[in-house]
Amino acid sequence: MNETIINIGIYASYALIAIGIVAILIFGVAQIAGNPKAAKSALFGIVGLAVVSGLAYALSTGSDATGMYAKLDVTEGSSHMVGAGLYAFYILMALAVLSIIYVEITRLFSKNG
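Remember, predicted model here, so these are calculated numbers, not experimental data.

Cut-off values and rules
Residues numbered from 1 in each chain as written. Predicted model: local features only at pLDDT ≥ 70, side-chain atom pairs only at ≥ 80, totals over all residues. Heavy atoms only, no water. Salt bridge = Lys/Arg side-chain N within 4 Å of Asp/Glu carboxyl O. Helix = DSSP H or I, 4+ residues; strand = E, 2+ residues; numbered from the N terminus. Buried < 20%, exposed > 50% of the residue type's maximum accessible area, 1.4 Å probe, protein only. Phe/Tyr/Trp six-rings, centres within 6.5 Å; stacked < 30°, edge-to-face > 60°.

**Q** Can you lay out the pattern of salt bridges for me, pointing to particular residues and giving the numbers?
**A** Scanning all chains against the criterion turns up one salt bridge. For arginine 107, the salt bridge goes to glutamate 104, with nearest N and O atoms at 3.7 Å. Here glutamate 104 and arginine 107 lie together in helix H4 (residues 76-112), a separation of three residues that amounts to about one turn. Exposure remark for arginine 107: the relative accessible area of 47% places this residue in the partly exposed category. Judged by its relative accessible area of 43%, glutamate 104 is partly exposed.

Written out as structure tokens, the structure reads:
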């Protein structure tokens, strides 16, 4: 009896997730159709994130999955993906700090100029 209730709950959760995904897609397409300029800026952000992800993946080697990590079932592929995630974090953090510095410097010169 309990397993049946749990299965029904799991299937209901799957159905609600599917409905949510469909709703997100429908409303996203409607927003893009209604405001193409906003879609253009969102596309730039998505392309930028893809470039950063590609760069991070290219920088990561995954060659450190030896020795102690091999005992923990860490493969070279999983080490490569973790390394790529770390590199992406470092790149995005550096870009955030640089953008903050840029904004503050431009504010400094715009007030005095």
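**Q** An account of the packing of aromatic side chains is requested, with residue identities and associated values reported.
**A** Under the defined criterion, the tally for this structure stands at three aromatic pairs. Three or more aromatic residues link up through ring pairs in this structure, and these residues are Tyr87, Phe89 and Tyr90.

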